[in-house]
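Commentary on secondary and tertiary structure
Residue-level listing of the chains:
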Amino acid sequence: MELNTAVFNKEQGVLSSPVRSFKKLRVSITENCNLACLYCDVQKARSQSPLKNDLSALLEIIKKLNDRLDLSSVRITGGEPALNPNLVSFVQKLKQLGIPEINLTSNGIFLGNLLVDLRQAGLDRINISLDALDDVTYYKITGRKGVDQVIHSIYKARETGFDVKLNSIILRGINENQVLPLLEFAIESSVKLRFLELMKMGPAADRHSDFYYSRDEILSQVQTRYYFSEMAREASSTARYYQIGSQFSFGIIANHSDPFCEDCDRLRLDHKGNLYGCLSNSSFFRMPEKNDKQYNLILDQAMALKQKKEFTGSILSMRHIGG
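First things first, this report covers the structure right here in the doc. What you are looking at is a predicted structure, and each value in this text was computed from that prediction instead of being measured.

**Structural notes on helix α4 (residues 135-142)**
- Listed as buried for α4 are T137, Y138, I141 and T142. The arc that holds every buried residue of α4, seen down its axis, measures 115°, which confines them to one face.
- The inward-facing, buried residues of α4 contact α5 (147-159).
- A distance of 3.2 Å separates the backbone nitrogen of V136 from a side-chain oxygen at the start of α4, and that oxygen is part of D134.
- Looking one or two places after α4, you find G143, whose phi comes out positive at around 75°.

Here it is in structure tokens:
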């Protein structure tokens, strides 16, 4: 029988597997968000739950996970992580754990004033969500105006020295006309861009077929203006990248038409301390506060939830589990 779970090595005290192991952790530090994106919060309500002023419990869990997994990166997500007043100190404490890369995903609205402090705290990379360049289309998706603030954060992040990636979800009937403008903006701004197929998650699950815009449709638009060539995919990468000329490449995360489940090495931790092994499974594990021996069993069980090939989605909202 094929073993597709992490195996605990008693001599080394770490989890390892010749088949697959968790190497990248996504941690949500809040489910609060100032936006109400139609693929994330169908009620269009910017409801706020109480913020934890102390993230020490999450830090302790991450420390124990890193001791076992030797993580290559931690990505801070939400909700919108910039809404948590402890974001900067959290980055600083994560950096002290010796994890090679500490990254952040943000909608960019409130990010501008935090960038210098985040850089000094040790943050390495930033992903900023940008689904449209004009306020009308941006409002249709997010329920809010403010695209100018996002663009300001993108420019300032570059000026502050960050490696910046843009994430753009393309929705049929909403913003498919933004594919070329977003690509041109990324080229002119010297930032990386990844288009995303809409995931069958949370509020978007029931109407996924209405809004789904595929990788091939995105590429068809791009080829009307640019010649590109497909690049080799890196192991466990969520995106396939395409080269335009010698200086620029863009990616497409094709969760449905070209899933990357087979070698996914991502683990998710929500702001309540629950651990998720796979986005296509809503099952979670509550991390123990005292019984460390349970960690190894939980990580085995979380790995067993991984899809082998096909992304199927779930009822989970990315607002709650983290991007």
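**Details of the side chain of Q221**
- Tracing the backbone shows Q221 in helix α8 (residues 215-222).
- At a separation of 3.0 Å, a polar atom in the side chain of Q221 contacts the side chain of Y213.
- When residues no more than four places from it in sequence are discounted, the contact partners of Q221 are E176, V179, L180 and Y213.

**So, the pattern of salt bridges**
- Tallied over the full model, the rule gives 16 salt bridges.
- Across the salt bridge formed by R233 and D263, the nearest N and O atoms sit 2.8 Å from each other. Of this pair, R233 sits in the loop between β9 (229-230) and β10 (240-244) while D263 sits in the loop between β11 (248-253) and β12 (266-269), and the two are 30 residues apart along the sequence.
- What makes R233 partly exposed here is its relative accessible area of 27%.
- Between R266 and D265 there is a salt bridge, with its nearest N and O atoms 3.3 Å apart.
- Salt bridges sharing common partners tie together R215, D216, E230, R240 and D258.

Rules used in this analysis
Residues numbered from 1 in each chain as written. Predicted model: local features only at pLDDT ≥ 70, side-chain atom pairs only at ≥ 80, totals over all residues. Heavy atoms only, no water. Buried < 20%, exposed > 50% of the residue type's maximum accessible area, 1.4 Å probe, protein only. Helix = DSSP H or I, 4+ residues; strand = E, 2+ residues; numbered from the N terminus. Arc of directions from axis to C-beta. Contact = heavy atoms within 4.5 Å. Polar contact = N/O pair within 3.5 Å; in protein donor to acceptor, adjacent residues only side chain to side chain. Salt bridge = Lys/Arg side-chain N within 4 Å of Asp/Glu carboxyl O.

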